[in-house]
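# Descriptive analysis of the structure
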Amino acid sequence: MSMRQGNIRLALKNIKHTRGRSYATMLGIIIGVMAVVLVVSIGQGVKMQIANQLGRYGKGTITVQPYVPASASGIFSGLSNQTTSLLSGNDLQVVQKTHGVDVAVPLSSSAGVMRGDHTLQAPFVVATTANLPRVIKQHIQYGGFFDPTVDDKAVVLGASVAHQLFDDNAPLGQTLTWRGQHFRVAGVFSSFNAPPFSLEANFNNAVFVPYSTAQSLSGSVLGSYQIIAKVSTHADVAQVAHTVRSALVATHGGAADVTVLRSDQNDVAANRTIHLLTLLVVGAAIIALVVGGVGIMNVMLVSVTERMHEIGVRKAIGATNRQIMSQFMSEALVLSATGAVIADILSAGAIGLMRLYTSLQPVIVWQIMVVAPVLAIAIGLFFGSVPALKAARKDPIEALRHE
């Protein structure tokens, strides 16, 4: 048996002898490695969900919204109540008349208590036109979309808000009250693809009402927080987006107070936010790893004190400083490596459970599954070298006198 194998075996024996203390020492390493692996895996999974979405409205669409300065933007800047201004009816006409635009629809937000079987004090009400399903290509699971020319008191519900307002799973034809008026439920959308941490509003919680009806009930011109335009099949999306922006800037007297995004640009800010949050939490996790390393150092310092007589005996029979140091470094290696392996196993299990029972779809990033344990082992060896050096430099006569 080589000296290295003997040191590893002796380290395992000592760890087993002080099992409770050793597991408590490993806990810092386990928490740190798990935090790094899970945060990176969740962040990567969310990025993939957003990328697979290809823009919430599908390919070939552009969205127009008021410009929000960087100083006023935040992780909820995509919601309707965070914009600093609204788009007018004239803006909608400009977009509709732009060459290459097939159809455009407004999205306006309105307030008011809504009552069905249950009451919503602050529902997410979206006023739009009958062309919305054609633009966003979202399937209606029950019923159909409203046609204001036939019935201006019809509404369509998102999948989640339908359950919040009614006890019926498919409340078609049922009546709800909003702003003192009775509305009939014409349809219920299938569930919208809404990735976690997306900056845009979740339409699963929205009640869609006719734009003309909402404007009439508001008693004033209803501005839009967003306009969605469907680009013609053979038109170049980037060119149409540029043309729309130029036309709107000209209409606004040269003020660049609108933002025009293609479908593949809608979640750039979301990815940036996720990246920053990932870096922040990974930084905190690395601090946890360092704390775990300090724990290893403290426990090994106690171990050196407890085994001082053993160190004196080994030195008396010819053990060198290097051999003594190697023995204690092996113990630090086993502690940190065991904690890192346990953390990787627990992380893989946690990722599987999140994929099964939550809307998050984290992915196993094998690079971080390797880097995080290696970093943990390096930190453990670094902090373990302090007690190892103390043991190696101990005077054998003084060590033998220690009880």
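Positions within a chain are numbered from 1, following the residues in the order the chain's sequence is written. Reporting of local features is limited, given that this is a predicted model, to residues whose pLDDT is at least 70; pairs of side-chain atoms are given and counted only at 80 or more, and all residues count toward the totals for whole chains, interfaces and linings. No hydrogens and no water enter the side-chain calculation; it runs on all heavy atoms of the structure.

### Quick notes on the pattern of salt bridges
In the sections that follow, a salt bridge refers to a side-chain nitrogen of Lys or Arg positioned within 4 Å of a carboxyl oxygen of Asp or Glu. Using the criterion set out here, one finds 2 salt bridges in the structure. For D102, the salt bridge goes to R134, with nearest N and O atoms at 3.0 Å. Taken together, the positions of D102 in strand 2 (residues 101-110) and R134 in helix 4 (residues 132-136) put the pair 32 residues apart, joining distant regions of the chain. Each residue is placed in one exposure class: buried if its accessible area under a 1.4 Å probe, protein chains only, is under 20% of its type's maximum, exposed if it is over 50%, and partly exposed if it falls in between. A relative accessible area of 41% means that D102 is categorised as partly exposed. With a relative accessible area of 45%, R134 lands in the partly exposed category. D151 serves as the salt-bridge partner of R184, at 3.2 Å between the closest nitrogen and oxygen. Of this pair, R184 sits in strand 9 (residues 181-189) while D151 sits in the loop between strand 6 (140-143) and strand 7 (154-157), and the two are 33 residues apart along the sequence. Judged by its relative accessible area of 36%, R184 falls in the partly exposed class. Classification of D151 as partly exposed rests on a relative accessible area of 23%. The way it works is that DSSP assigns letters per residue, a run of H or I at least four long becomes a helix, a run of E at least two long becomes a strand, and they are numbered from the N terminus.

### Some details on the side chain of D91
Along the chain, D91 turns up in helix 3 (residues 89-97). The side chain of D91 sits in the buried core without any salt bridge; K97 is the nearest counter-charge, 12 Å away. Among the polar contacts listed, one links the side chain of D91 to the side chain of H252, at a separation of 2.7 Å. We call two residues in contact whenever any of their non-hydrogen atoms come within 4.5 Å of each other. Other than its neighbours up to four places away in sequence, D91 contacts I227, L248 and H252. By the counting rule applied here, Lys and Arg register as positive and Asp and Glu as negative, while His and the ends of each chain are not counted. For the purposes of these results, a polar contact is taken to be a pair of N or O atoms within 3.5 Å, where, inside protein, one atom must be able to donate a hydrogen and its partner to accept one; residues adjacent in sequence count only when each atom of the pair is a side-chain atom.

### As for unusual backbone geometry
Although it is not a glycine, K137 adopts a positive phi angle of roughly 55°. In this structure, K137 sits in the loop between helix 4 and strand 6. You will see that R179, though not glycine, has its phi angle at about 55°, which is positive. Counting through the fold element by element, R179 comes out in the loop between strand 8 (175-178) and strand 9.

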